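Residue-level structural notes
As a plain string of letters, each chain reads:
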Amino acid sequence: MPIEFEAPKPIVQTQFVLKTVAEEMMRSRSRYFDEHEHEIPWDYIEFMHTAMKAIGVGSLAPKEKASGGEGGNGKRPPIAYQVLASQIEMLSWGDVGMYLVTPGGGLGAAAVQAAGTPEQKAKFLARFVGEKPTIAAMCMTEAGAGSDTASIRTRAVLDENTREWILNGEKIFVTSGDKSITEYEKLGKGFVVVWASIDPSAGRAGMRAFVVEAGTPGVKVAKLEHKLGIRVSDTASISLVDARVPYDHILGSPTVEKTTTGFKGAMATFDATRPLVAASGLGVARAALEFLKEKLAENGVQIRYGLPRQKLTSIERDVIEMDIMLKSAWLMVVKAVWMADNKKPNALESSMSKVKAGDGGTKITQKVVEILGPLGYSREFLAEKWFRDSKITDIYEGTGQINRLVVARQILGYSGKELR
Ligand SMILES: Cc1cc2nc3c(=O)[nH]c(=O)nc-3n(C[C@H](O)[C@H](O)[C@H](O)COP(=O)(O)OP(=O)(O)OC[C@H]3O[C@@H](n4cnc5c(N)ncnc54)[C@H](O)[C@@H]3O)c2cc1C
């Protein structure tokens, strides 16, 4: 199946609308929420919920079935991930922190999507099209278990009498953890997907994900992080003390075979979401680069794209380098989401896109601040904020180093044990 480089109609149609949202609802408030960390942008959340419901999109989560069908001939494969990547890029161009607050299933729904049964998908995903905006999150990271996800110490034990799982542990750095688990009046019942071990002696094979709903006794937000960037997005520590979860809230098999199936559930989630994180980082980088070009143009500097390298000024060369980084990373994202849409294994491309976007985004936003000089450093403009916001692309959903390891293993044919 060839890759088509022309954006399909559903993408083109939503880009125009989302750009308006990005400009009117996001950019205009970027600075306010950056400076008022932990304030919740309720009007944005409610607006997005109403708007997404109106157009029949309950959540920024890929659909099981095609939303495409472009051209009416029914031949185009489903393009749900491709549409999603473009939407995320545009919203992140508006404000990446606020995009992370967009109501919907986020990483929590992605985990249900990747590892849940059809019944679980029906049960847990339906709430995102309900009356109130609803948010979900995923809790994998723990102190001492970030990159090395297999070292998690959160335990899930089955109570044979009540047939409930009892979870104990402490999760940290959970994006939207607070809005997912705290029962805010304005939000529907959210959930967090908690990764825990049902058999520590089995290592990765014993890892399972559990859907833990808002309001579950024993589950609470222990801390909200103060951060460098994406400050409007809450990042929570969540403690679980004898938290009881219904038996059928386990995603995947409740029995431990000596395989790494449980762990593969986590990895399948990342294969699906890493290109989306990459898309979001590239939205920030594009915002910064466009802003730089605008400022250069205001000062009479036009980039002379057709000239040989030796005739270009140093700034022109820098801008062209940034264009290349941005576009090549975007092409990696397109390939990775196209593969996801076509149900092709995309672990390699997914990690590659994340590496390119994390690297490129950081370099571009830093260079933009550098070229703008005091204007880049001043809080009067958003360039310095984009610089701070962009770094997260290279940290969450696997750091740049970890994704490089995944790429190397895939290319060289090594297992996680052989190359770490
Ligand atoms: C704002 C924010 C939001 C987050 N959201 C979530 C979330 O929603 N859910 C969730 O579960 N987690 C989340 N995280 C956690 C994030 O995924 C982890 O921070 C990340 O995976 C790194 O893990 P760590 O913090 O333990 O760092 P470490 O694993 O200790 O890594 C520290 C450094 O060592 C490097 N390193 C580690 N191992 C290797 C190796 N084998 N080879 C080479 N270098 C290595 C890393 O690349 C990094 O540079 C979030 C983090 C942040 C900052």
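Residues numbered from 1 in each chain as written. Predicted model: local features only at pLDDT ≥ 70, side-chain atom pairs only at ≥ 80, totals over all residues. Heavy atoms only, no water.

1. Examining the overall build of the protein chain
Going by this rule: Numbering of helices and strands runs from the N terminus, with a helix taken as a DSSP run of H or I at least four residues long and a strand as a DSSP run of E at least two residues long. Only C-alpha atoms enter the radius of gyration, while the globule expectation follows 2.2 Å times N to the 0.38, with N the number of residues. Exposure classes here rest on a 1.4 Å probe applied to the protein chains alone. A residue is buried below 20% of its type maximum, exposed above 50%, and partly exposed in between. Note on definitions: a residue-residue contact is assigned when non-hydrogen atoms from the two residues lie within 4.5 Å. With residues, only the protein chains shown are counted as cover, and all accessible areas are computed by Shrake-Rupley using a 1.4 Å probe. A residue counts as positive if it is Lys or Arg and as negative if it is Asp or Glu; His and the chain ends are not included. By convention, the point assigned to a charge is CZ for Arg, NZ for Lys, CD for Glu and CG for Asp.
The helix and strand tally for the protein chain stands at 12 helices and 8 strands. Here the C-alpha atoms of the protein chain give a radius of gyration of 21 Å, agreeing with the 22 Å that 2.2 N^0.38 yields for 420 residues. Each principal axis of the C-alpha distribution contributes one length, and for the protein chain these read about 75 × 50 × 50 Å. For the protein chain, buried positions account for 54% of its 420 residues. Put simply, of all contacts in the protein chain between residues at least 6 apart along the chain, 75% involve residues at least 24 apart. With the model as given, the accessible surface of the protein chain reaches about 19000 Å², and the carbon-plus-sulfur share is 57%. Computing the positive centroid from 54 side-chain charges and the negative centroid from 50, the protein chain places the two 4 Å apart.

2. Describing the domain arrangement of the protein chain
Short version of the rule: Domain limits in this description derive from either an automatic procedure or a database domain assignment. When two components associate, each loses some accessible surface as probed by a 1.4 Å sphere; the sum of these losses over both components is called the buried area.
Per the domain assignment, the segments making up the protein chain are domain 1 (9-103), domain 2 (129-259) and domain 3 (262-412). Every contact between the two is made by 23 residues of domain 1 and, on the other side, 26 residues of domain 3. Of the roughly 2100 Å² buried at the junction of domain 1 and domain 3 (both faces included), carbon and sulfur atoms supply 56%. Among the elements that make up the side of domain 1 that touches domain 3, the one with the highest residue count is helix 3 (residues 80-101) (15 residues).

3. Notes on the site of the ligand
Heads up, the rule is: Here a residue is near a molecule or strand as soon as one of its heavy atoms is found within 4 Å of it. Here a polar contact means two N or O atoms within 3.5 Å. Within protein one must be a hydrogen donor candidate and the other an acceptor candidate, and residues neighboring in sequence count only if both atoms are side-chain atoms.
By nearness alone, 20 residues border the ligand, and Thr141, Ser147, Phe173, Thr399 and Gln401 come closest of all. One of the side-chain nitrogen or oxygen atoms of Thr141 is found 2.6 Å away from a nitrogen atom of the ligand. Between the ligand and the protein, one listed contact pairs an oxygen atom with a side-chain N or O atom of Gln401 at 2.7 Å. In isolation the ligand offers 970 Å² of accessible surface; the protein chains occlude 66% of this area.

4. Quick notes on the pattern of salt bridges
For side chains bearing opposite charge, pairing can occur when the charged atoms are close. We apply this condition: Note on definitions: salt bridges are taken to be side-chain nitrogens of Lys or Arg within 4 Å of carboxyl oxygens of Asp or Glu.
Going through the model one piece at a time under the given rule, you end up with 31 salt bridges. Two residues, Glu89 and Arg286, come together in a salt bridge whose shortest N-O distance is 2.6 Å. Remark: Arg286 occurs in helix 7 (residues 261-298) and Glu89 occurs in helix 3; sequence separation between them is 197 residues. For Arg304, the salt bridge identified is with Glu316, shortest N-O distance 2.7 Å. Here Arg304 is found in the loop between helix 7 and helix 8 (314-341), whereas its partner Glu316 is found in helix 8, with 12 residues between them in sequence. The network of salt bridges with common partners includes Arg31, Asp34, Glu35, Arg379, Glu384 and Arg388.

5. Quick word on the environment of Lys385
Counting through the fold element by element, Lys385 comes out in helix 11 (residues 383-390). Lys385 gets classed as buried once you look at its relative accessible area, which sits at 4%. On a C-alpha basis, the gap between Lys385 and Val369 in space is 9.7 Å, while along the polypeptide they are 16 residues apart. Those residues in contact with Lys385 that lie beyond four places of it in its chain are Ser30, Arg31, Asp34 and Asp95. Within the local environment of Lys385, its side chain forms a polar contact with the side chain of Asp389, the two groups lying 2.6 Å apart.

6. Points about the nonpolar core
The tendency in soluble globular proteins is for nonpolar side chains to be buried side by side. Under the convention used in this document: The definition of a nonpolar core used throughout is a set of buried Ala, Val, Leu, Ile, Met, Phe, Trp, Tyr and Cys residues joined through side-chain atoms within 4.5 Å.
Core analysis: the biggest nonpolar cluster contains 62 residues, and Met26, Tyr44, Leu91, Leu292 and Val368 have the highest contact counts within it. Secondary-structure elements contributing two or more residues to this core are helix 1 (9-35), helix 2 (42-54), helix 3, helix 7, helix 8, helix 9 (347-372) and helix 11. For this core, the element with the highest residue contribution is helix 7, accounting for 14 residues. Ignoring anything within four residues of it in the chain, the contact list for Val368 reads Ala288, Leu289, Leu292, Met322 and Ala383. Within the second largest apolar cluster, 20 residues are counted, among which are Ala137, Val192, Val219 and Leu240.

7. Focus: the environment of Arg153
Within the fold, Arg153 resides in the loop between strand 1 (136-139) and strand 2 (155-159). Take Arg153: its relative accessible area is 61%, and that puts it in the exposed class. Within polar-contact distance, the side chain of Arg153 engages the backbone oxygen of Ala143 at 3.3 Å.

8. Some words on the packing of aromatic side chains
Note the following rule: Here is the rule: rings of Phe, Tyr and Trp (six-membered ring for Trp) pair when centre to centre is within 6.5 Å. Planes less than 30 degrees apart are stacked, more than 60 are edge-to-face, and the remainder are tilted. Distance and angle both matter: a charge sits over a ring if NZ of Lys or CZ of Arg is within 6 Å of the ring centre and within 35 degrees of the ring normal.
Under the definition given, this model contains 8 aromatic pairs. An aromatic cluster is defined as three or more aromatic residues linked by ring pairs; in this entry it consists of Phe124, Phe128 and Phe191. The ring of Trp93 carries Arg27 above its face, with NZ or CZ at 4.1 Å from the centroid. For the cation-ring pair, Arg163 lies above Tyr247, with the distance from its terminal atom to the ring centre recorded as 4.7 Å.

9. Observations regarding the pairing of strand 7 (residues 235-246)
The cut-off we apply is this: Note on pairing: DSSP must find at least two bridges between two strands before they are called paired.
Judged from the 9 bridges that link them, strand 3 (residues 164-175) and strand 7 form a sheet pairing that is antiparallel. The residue bridging Val174 from the neighbouring strand is Ala236, located in strand 7.

10. Some details on helix 5 (residues 118-125)
The condition that has to hold: Within this analysis, the arc is defined by the directions that extend from the helix axis to the C-beta atoms.
Turning to helix 5, its buried residues are Gln120, Lys121, Phe124 and Leu125. Buried positions in helix 5, seen along its axis, are confined to an arc of 100° and lie on one side of it. Exposed side chains of helix 5 directed beyond 90 degrees from the buried face belong to Pro118, Glu119 and Ala122. The inward-facing, buried residues of helix 5 contact helix 4 (106-115), strand 4 (191-197), strand 5 (207-213) and strand 8 (250-251).

11. Considerations on the side chain of Thr365
Within the secondary structure, Thr365 is located in helix 9. Residue class for Thr365 comes out buried when judged on its relative accessible area of 1%. At a separation of 2.8 Å, a polar atom in the side chain of Thr365 contacts the main-chain carbonyl oxygen of Gly361. In this structure the side chain of Thr365 is engaged in a polar contact, spanning 2.8 Å, whose partner is the side chain of Ser390. Once residues within four sequence positions are removed from consideration, Thr365 is found in contact with Val284, Ala285, Ala288, Trp386, Phe387 and Ser390.

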